[in-house]
Amino acid sequence: MRFVNTLLAGVGFACLASAAKHQLIIGTFSTNFLYTVEYDDATHALDLIHKTPTDAASSWISLSHDKKNLYGTDWNAEKPSFISYSVKDAQTIEYQARLYGDGDCLGKKSIFITPSLQPPYAVYGNYFYGDAKCGSVMSVDESGTLQSVVQGYEYADGSAVHGVSFSNDSRYLYSADDGGNSLWMHRIDSTDGHLEYESRLDMPVENMDPRHVVTHPAGEIIYAVLEGTSQVAQCMTSTLPKLYLLKDTHSLIKDGDNAADFWADEVALSATNKYLWASNRARDEDRKGYISAIEIKDGGELGKQYFLTETTNSGGFANAVAPSQFDDAIVALTDNSTGFIEIWKMDDGQGGAQAVAHLDINDGSGCCANAVWYS
């Protein structure tokens, strides 16, 4: 397995330098558009190349395993729902379907959506605000279009899951329960994607509030960003079916900062899993958030934190970091306090990072939610 991983990493490196221009698709919080931008990694030019009208404001979007489908939430919908688009290329995105979720979560917002990378390619949706204890498992047809809700499941009273991640073998789903201050693990049925409860890990301190979670490919470590305490935590999964929180954490605020003034946002793996990128938002729009990169050791444990650098703005509801697929050192960062997307690049010495490209998309505080790299 180690040889295979090394071989795949080598193939990945070979692909990284194959193109100089890359497209990203961006969702919004309150305006019914998807934006496609193009980044030139040679000149650092960043341009808006297409604006796709939609019937939904998708605060979270995710691409299917083959990038032929895009799935989104609908921030504005009175009845929480999830959207499916076909994707011919980054500029040809067409609406296909809308599915409504669990009736018990009426009045909530659909907040997160992600597809499995393994057959049957089920899609998982989550809800937020208030007692949003529901989750939805959705099937897709042969083209990848959302087909039907095949399971409505529950977490617990007070839960509000804001992000999920799959185990490396797609046998388990890990959920970050921001409202319930806990992490959950469910077993995935490989035939239809249904979930079965396995365990719940409560955080040791009140108001840590796990927001998003991501799994290391080796399968024994998951990382969570803690919105309430502005930290990055790591959990062991090798003792399935239980999770164990490791003692070491990394802070996403600096000495003298008050955690109550921030709300940490995202964690994501770099192109070849060399770094864990993380971001933090400032609650006050007159303050700035933070961006950070942390070393990932061979076994998946976190090592040194290379830097914690102020972002150019507060981030608003976003400041969502999205690592590129072609360079460990390059990430996208979105902001909706004024509406822009930036490309950040880590310094050669790993001691910091800076914005190398900036594009304003001011559509009335709708843009920009999260971004996904199409190429």
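What counts and how
- Residues numbered from 1 in each chain as written.
- Predicted model: local features only at pLDDT ≥ 70, side-chain atom pairs only at ≥ 80, totals over all residues.
- Heavy atoms only, no water.
- Helix = DSSP H or I, 4+ residues; strand = E, 2+ residues; numbered from the N terminus.
- Rg over C-alpha atoms; globule rule 2.2 N^0.38 Å.
- Buried < 20%, exposed > 50% of the residue type's maximum accessible area, 1.4 Å probe, protein only.
- Contact = heavy atoms within 4.5 Å.
- Areas by Shrake-Rupley, 256 points an atom, 1.4 Å probe, with all protein chains shown as cover.
- Phe/Tyr/Trp six-rings, centres within 6.5 Å; stacked < 30°, edge-to-face > 60°.
- Lys NZ or Arg CZ within 6 Å of the ring centre and 35° of its normal.
- Pairing = 2+ DSSP bridges.
- Axes fitted to C-alpha atoms, helices over the stretch in contact; angles between N-to-C directions.
- Core = buried A, V, L, I, M, F, W, Y, C linked by side-chain atoms within 4.5 Å.
- pLDDT = per-residue confidence, 0-100.
- Polar contact = N/O pair within 3.5 Å; in protein donor to acceptor, adjacent residues only side chain to side chain.

Colleague: Would you mind showing me how to read the overall build of the protein here?
Modeller: Looking only at helices and strands, one finds one helix and 29 strands in the protein. At 19 Å, the protein has a C-alpha radius of gyration in line with the 21 Å of a compact globule built from 375 residues. Within the protein, the proportion of its 375 residues that are buried is 57%. Partitioning the intrachain contacts of the protein with sequence separation of at least 6 by distance along the chain shows that 50% fall at a separation of at least 24. Surface summary for the protein: the accessible area is close to 15200 Å², and the carbon and sulfur share equals 47%.

Colleague: Sorry, what's going on with the packing of aromatic side chains here?
Modeller: Any aromatic ring pair is given by two values, namely how distant the centres are and how the planes are angled relative to each other. As enumerated under the stated definition, the model contains 18 aromatic pairs in all. For the pair Trp-263 and Phe-317, a centre-to-centre distance of 5.8 Å together with 70° between the ring planes defines the contact as edge-to-face. With Trp-263 in strand S21 (residues 262-269) and Phe-317 in the loop between strand S24 (302-310) and strand S25 (321-323), this pair connects stretches of sequence that are 54 residues apart. Of the residues examined, Trp-263 reaches a relative accessible area of 16% and is grouped as buried. With a relative accessible area of 40%, Phe-317 lands in the partly exposed category. Where Phe-326 meets Trp-373, the ring centres are 5.4 Å apart and the plane angle is 75°; that geometry is what we call edge-to-face. With Phe-326 in the loop between S25 and strand S26 (330-335) and Trp-373 in strand S29 (residues 371-373), the pair connects residues that are 47 residues apart, well separated along the chain. Classification of Phe-326 as buried rests on a relative accessible area of 8%. Cluster of aromatic residues (ring-pair linked, three or more members): Phe-29, Trp-75, Phe-128, Tyr-129, Trp-263 and Phe-317. Sitting over the ring of Tyr-100, Lys-79 keeps its end group 4.7 Å from the ring centre.

Colleague: When you look at the sheet that holds strand S5 (residues 69-73) in this model, what are you seeing that I'm missing?
Modeller: One open sheet accounts for four strands, arranged S4-S5-S6-S7; its pairing is antiparallel. Pairing within the sheet leaves two strands with one partner each, and these edge strands are strand S4 (61-63) and strand S7 (92-100). Strand-to-strand twist across the sheet, computed as the mean angle between neighbouring axes with direction ignored, equals 25°.

Colleague: What's the story with the pairing of strand S28 (residues 353-360) in this structure? I'm lost.
Modeller: Two faces belong to every sheet, and in a regular strand the side chains alternate between them. Of the pairings in the sheet, the one linking strand S27 (residues 340-346) to S28 comprises seven bridges and is antiparallel in character. Paired with Ile-343 across the two strands is Ala-357, which belongs to S28. Hairpin connection from S27 to S28: six residues lie between these consecutive antiparallel strands, with Gln-350 at a positive phi of about 65°.

Colleague: What is the right way to read the nonpolar core from this model?
Modeller: Considering soluble globular proteins, one finds that nonpolar side chains tend to be buried as a cluster. Core analysis: the biggest nonpolar cluster contains 35 residues, and Ile-113, Val-123, Tyr-124, Met-138, Leu-146, Leu-173 and Leu-195 have the highest contact counts within it. Elements that contribute at least two residues to this core include exactly strand S8 (109-115), strand S9 (123-128), strand S10 (134-140), strand S11 (146-154), strand S12 (161-166) and strand S14 (182-188).

Colleague: Would you take a moment to explain the confidence of the model for the protein for this structure?
Modeller: Detailed conclusions should not be drawn from predicted coordinates in areas where pLDDT is low. With 94% of its residues at a pLDDT of at least 70, the protein reaches an overall mean of 93. Predicted confidence is poor over residues 1-15, with pLDDT under 50, and the contacts of this stretch with residues over four places away or in other chains come to two contacts.

Colleague: Can you walk me through the sheet that holds S14 in this structure?
Modeller: Note on sheets: strands pair through backbone hydrogen bonds, and any given pair is parallel or antiparallel. Reading across the sheet, the four strands line up as S12-S13-S14-S15 and stay open at both edges, with antiparallel pairing between neighbours. The open sheet is flanked by S12 and strand S15 (195-202), the only strands paired with a single partner. Here the strands of the sheet are splayed against their neighbours by 25° on average, with no regard to which way each runs. Pairing of S14 with S15, which is carried by seven bridges, proceeds in the antiparallel orientation. Residue pairing across strands places Leu-183 opposite Leu-201, the latter belonging to S15.

Colleague: What's the story with the environment of Gly-299 in this structure? I'm lost.
Modeller: With respect to the secondary-structure elements, Gly-299 resides in the loop between strand S23 (290-296) and S24. Taking C-alpha positions, Gly-299 is 8.1 Å from Glu-220, a pair spaced 79 residues apart along the chain.

Colleague: Whenever I open this one, the environment of Gln-325 confuses me. Can you help?
Modeller: Tracing the chain through its elements places Gln-325 in the loop between S25 and S26. Residue Gln-325 is classed as partly exposed on the basis of its relative accessible area, which comes to 36%. For the pair Gln-325 and Leu-302, spaced 23 residues apart in the sequence, the C-alpha separation amounts to 21 Å. In this structure the side chain of Gln-325 is engaged in a polar contact, spanning 2.9 Å, whose partner is the side chain of Lys-67. A polar contact is formed between the side chain of Gln-325 and the backbone oxygen of Trp-373, at a distance of 2.7 Å.

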